[in-house]
Amino acid sequence: MAHHFATLGLVLYSWHVNFSRVGAMTFLCHDLNDVFLEGAKLARYARSEAWSTALFAAFAASWFVTRLFYFPLWIIWTAWHDPAGRIALPYGIDPDPHFLSFQTMLFFLLALHAYWSWLILKVLRKALKGKVEDVREEDESDSD
């Protein structure tokens, strides 16, 4: 739930302080790969292992591209370097009080992306072994 609150807060806050391009791109970045994940879930419910695997692979690829490449190297970098000159000052907005809040939310999301990427890699590893299950609710006694 923290991810949903942080993303929604970031998008609403970006609209409020006219950083809407960063908020919109963050929203797009987060929604792109959800299509593949939901498709993989539907295929799994339909017991189509081939489609489920293919859609999960597409999800994993899109995840790593959008959330570990595009998000930090494009969205965070732009928000770090451009808020004052091109976004805030032309509209009479002082970027200083908003800059730190905005960067905190962006880096919080990046930390969540790193954690979830680790979970996705665990699922991929288990899929290669032939035993796919939800790794979010593992017991502490599990050594994998």
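For the structure itself, look to the data block above.
All of these numbers come straight from a predicted model, not from anything done at the bench.

(A) Just the overall build of the chain, in detail. Secondary structure summary: the chain contains six helices and zero strands in total. Along the chain, from the amino end to the carboxyl end, the secondary structure elements read α-α-α-α-α-α. When burial is assessed residue by residue, the chain has 36% of its 144 residues classed as buried. Put simply, of all contacts in the chain between residues at least 6 apart along the chain, 67% involve residues at least 24 apart. Here the chain has roughly 9,200 Å² of accessible surface; of this, 67% comes from carbon and sulfur atoms.

(B) Geometry of the pattern of salt bridges. Within this structure, the stated rule accounts for two salt bridges. Taking the shortest distance from any N to any O, the salt bridge between Asp34 and Arg67 comes out at 3.9 Å. Within this pair, whereas Asp34 is found in helix α3 (residues 34-45), its partner Arg67 is found in helix α4 (residues 49-81), the two being separated by 33 residues in sequence. Its relative accessible area of 2% is what places Arg67 among the buried residues. For Lys41, the salt bridge is made with Glu38, and the minimal N-O distance between the two is 3.7 Å. Of this pair, Lys41 and Glu38 both sit in helix α3, separated by three residues, roughly a single helical turn. Residue class for Lys41 comes out partly exposed when judged on its relative accessible area of 36%. The class of Glu38 is partly exposed, set by a relative accessible area of 41%.

(C) Structural view of the side chain of Ser62. Its location among the elements puts Ser62 in helix α4. Those residues in contact with Ser62, other than ones at most four positions away along the chain, are Asn33, Phe36 and Arg67.

(D) Broad picture of a nonpolar patch on the surface. A contiguous nonpolar patch, built from Val65, Phe69 and Leu73 and spanning about 320 Å² of accessible area, is present on the exposed surface. With respect to the helices, strands and loops of the structure, Val65 is situated in helix α4.

(E) Local environment of the nonpolar core. Core analysis: the largest hydrophobic core is formed by 14 residues, its most contacted members being Leu10, Val22, Phe71, Ile75, Phe102 and Leu106. Taken together, the elements giving at least two residues each to this core come down to α1 (2-16), α2 (20-32), α4 and α6 (95-129). When sequence neighbours within four positions are dropped, the list of residues in contact with Leu106 reads Leu10, Val22, Thr26, Phe71, Ile75, Ile76 and Ala79. By size, the runner-up hydrophobic cluster in this structure holds nine residues, among which are Ala40, Phe59, Ala60 and Val123.

The rules behind the values
Residues numbered from 1 in each chain as written. Predicted model: local features only at pLDDT ≥ 70, side-chain atom pairs only at ≥ 80, totals over all residues. Heavy atoms only, no water. Helix = DSSP H or I, 4+ residues; strand = E, 2+ residues; numbered from the N terminus. Buried < 20%, exposed > 50% of the residue type's maximum accessible area, 1.4 Å probe, protein only. Contact = heavy atoms within 4.5 Å. Areas by Shrake-Rupley, 256 points an atom, 1.4 Å probe, with all protein chains shown as cover. Salt bridge = Lys/Arg side-chain N within 4 Å of Asp/Glu carboxyl O. Patch = residues over 30% accessible without salt bridge, like charges linked within 9 Å, V, L, I, M, F, W, Y side chains within 5 Å. Core = buried A, V, L, I, M, F, W, Y, C linked by side-chain atoms within 4.5 Å.

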